[in-house]
Amino acid sequence: KQEVTQIPAALSVPEGENLVLNCSFTDSAIYNLQWFRQDPGKGLTSLLLIQSSQREQTSGRLNASLDKSSGRSTLYIAASQPGDSATYLCAVDLYNTDKLIFGTGTRLQVFP
Amino acid sequence: DTGVSQNPRHKITKRGQNVTFRCDPISEHNRLYWYRQTLGQGPEFLTYFQNEAQLEKSRLLSDRFSAERPKGSFSTLEIQRTEQGDSAMYLCASSSQRESTDTQYFGPGTRLTVL
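Just so we're clear, the structure is a prediction, and the values are computed from it rather than from any experiment. (Residues numbered from 1 in each chain as written. Chains lettered and ligands numbered in written order. Predicted model: local features only at pLDDT ≥ 70, side-chain atom pairs only at ≥ 80, totals over all residues. Heavy atoms only, no water.)

Colleague: Can you break down the overall build of chain A residue by residue, with the values?
Modeller: Looking only at helices and strands, chain A has 0 helices and 11 strands in total. The order of α-helices and β-strands along chain A, N terminus first, is β-β-β-β-β-β-β-β-β-β-β. Computed over C-alpha atoms, the radius of gyration of chain A comes to 13 Å, within 12% of the 13 Å expected from 2.2 N^0.38 for 112 residues, which places it in the range of a compact globule. In terms of principal-axis extent, the alpha carbons of chain A reach across some 45 × 30 × 20 Å. A total of 112 residues make up chain A; the buried ones form 43% of that total. Put simply, of all contacts in chain A between residues at least 6 apart along the chain, 54% involve residues at least 24 apart. Per element, the accessible surface of chain A, about 5200 Å² overall, is 47% carbon and sulfur. Once the 9 positive and 10 negative side-chain charges of chain A are each reduced to a mean point, those two points are 3 Å apart. (Helix = DSSP H or I, 4+ residues; strand = E, 2+ residues; numbered from the N terminus. Rg over C-alpha atoms; globule rule 2.2 N^0.38 Å. Buried < 20%, exposed > 50% of the residue type's maximum accessible area, 1.4 Å probe, protein only. Contact = heavy atoms within 4.5 Å. Areas by Shrake-Rupley, 256 points an atom, 1.4 Å probe, with all protein chains shown as cover. Lys, Arg positive; Asp, Glu negative; His and termini not counted. Charge placed at Lys NZ, Arg CZ, Asp CG, Glu CD.)

Structural data, given as structure tokens:
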């Protein structure tokens, strides 16, 4: 059974810091891995999707890496801003299934 | 492209009542998913449609839950005889099989509170 774990569960940092959020998964037979952002009481916004054949994806200040063999992904946020405050969720999509399996998220607070 | 929409956004009901939620996917997305999210947890998969066919149902989806997508466009999720444990955010997502990335796009969710 695929399990997805995210650490840390919560993070509070001053504005301007570079951050690394971690995601680990137990079954390496993944089709892709997605990182999402969720604001309180809202739906999910897709940030980055990494296919199983890829090592990383970048979008603006965000960079996500994937190491399938070790079952790990990291989300790097450069020069954090207060507007980055949200919960960040990673999710894996397994081969031969069409459902996402989510971690419990990292709650990020960036203070001015 | 107006994104995935869900209605209502909030629903408060008494235990034992039936509720129905609606999801309108991104137009021409042939796949539609339902997830449930409780406080402090990540979303959990409930069920999934490809066009009008319901292809997978989670064991979380008890007999009190039913989902339909009659014309392969919008979908409804009905919960009968609601229980307090059904209180959660119900999220809908859609994707296109024609997209190489299979990215799932999520709606804003329906927050259900069962009193």
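Colleague: With reference to specific residues and values, describe the interface of chain A and chain B.
Modeller: On the side of chain B, 22 residues touch chain A, which itself brings 19 residues to the contact. Summed over both partners, the interface of chain A with chain B buries about 1600 Å², with 49% contributed by carbon and sulfur atoms. In terms of surface lost to chain B, no three residues of chain A exceed Leu-44, Asp-98 and Lys-99 of chain A, which account for 32% of the buried area on that side. If you look at where chain A meets chain B, you find 1 salt bridge. For Glu-56 of chain B, the salt bridge is made with Lys-99 of chain A, and the minimal N-O distance between the two is 3.1 Å. There are 4 residue pairs in polar contact (both at pLDDT 80 or more) connecting chain A and chain B. For the side of chain A that touches chain B, the elements supplying multiple residues, two or more each, are strand S4 (30-38), strand S5 (44-51) and strand S10 (100-102) of chain A. Of all the elements, S4 of chain A adds the most residues to the side of chain A that touches chain B, at 5 residues. Looking at side-chain class alone, the side of chain A that touches chain B contains 7 nonpolar, 9 polar and 3 charged residues. (Buried area = accessible area lost by both parts, 1.4 Å probe. Salt bridge = Lys/Arg side-chain N within 4 Å of Asp/Glu carboxyl O. Polar contact = N/O pair within 3.5 Å; in protein donor to acceptor, adjacent residues only side chain to side chain. Nonpolar A, V, L, I, M, F, W, Y, C, P; charged D, E, K, R; others polar.)

Colleague: How would you explain the layout of surface pockets if you had to name every residue and give the values?
Modeller: Of the volumes computed, that of the largest pocket is approximately 610 Å³. What lines the largest pocket is a set of 20 residues, among which Lys-1, Gln-2 and Ile-101 of chain A together with Glu-44 and Phe-45 of chain B lie closest to the centre. Sorting the residues of the lining of the largest pocket by element identifies strand S1 (4-7) and S10 of chain A together with strand S5 (44-50) of chain B as the ones contributing at least two each. Broken down by element, the lining of the largest pocket gets its largest block of residues, 3 residues, from S10 of chain A. Its residues placed into classes, the lining of the largest pocket shows 8 nonpolar, 7 polar and 5 charged. Each pocket or cavity is described by its volume, and for the second largest pocket that value is around 440 Å³. What lines the second largest pocket is a set of 22 residues, among which Gln-38, Thr-87 and Arg-107 of chain A together with Leu-39 and Gly-40 of chain B lie closest to the centre. Those elements giving two or more residues to the lining of the second largest pocket turn out to be strand S9 (86-94) and strand S11 (106-111) of chain A. (1 Å grid on protein atoms, 1.4 Å probe; cavity = no way out; pocket = protein on both sides within 12 Å on 5 of 7 lines; lining within 4 Å. Points joined across faces, edges and corners; volume = space filled by probe spheres on them.)

Colleague: Quick one: what's the story with the pattern of salt bridges, residue by residue and with numbers?
Modeller: Applying the stated rule across the entire model yields 6 salt bridges over all chains. We note a salt bridge from Arg-37 of chain A to Asp-39 of chain A, for which the minimum N-O separation is 3.0 Å. Taking relative accessible area as the criterion, Arg-37 of chain A reaches 16% and is therefore assigned buried. Residue Asp-39 of chain A is classed as partly exposed on the basis of its relative accessible area of 26%. Because the salt bridges share partners, they merge into one network encompassing Arg-64, Glu-83 and Asp-86 of chain B.

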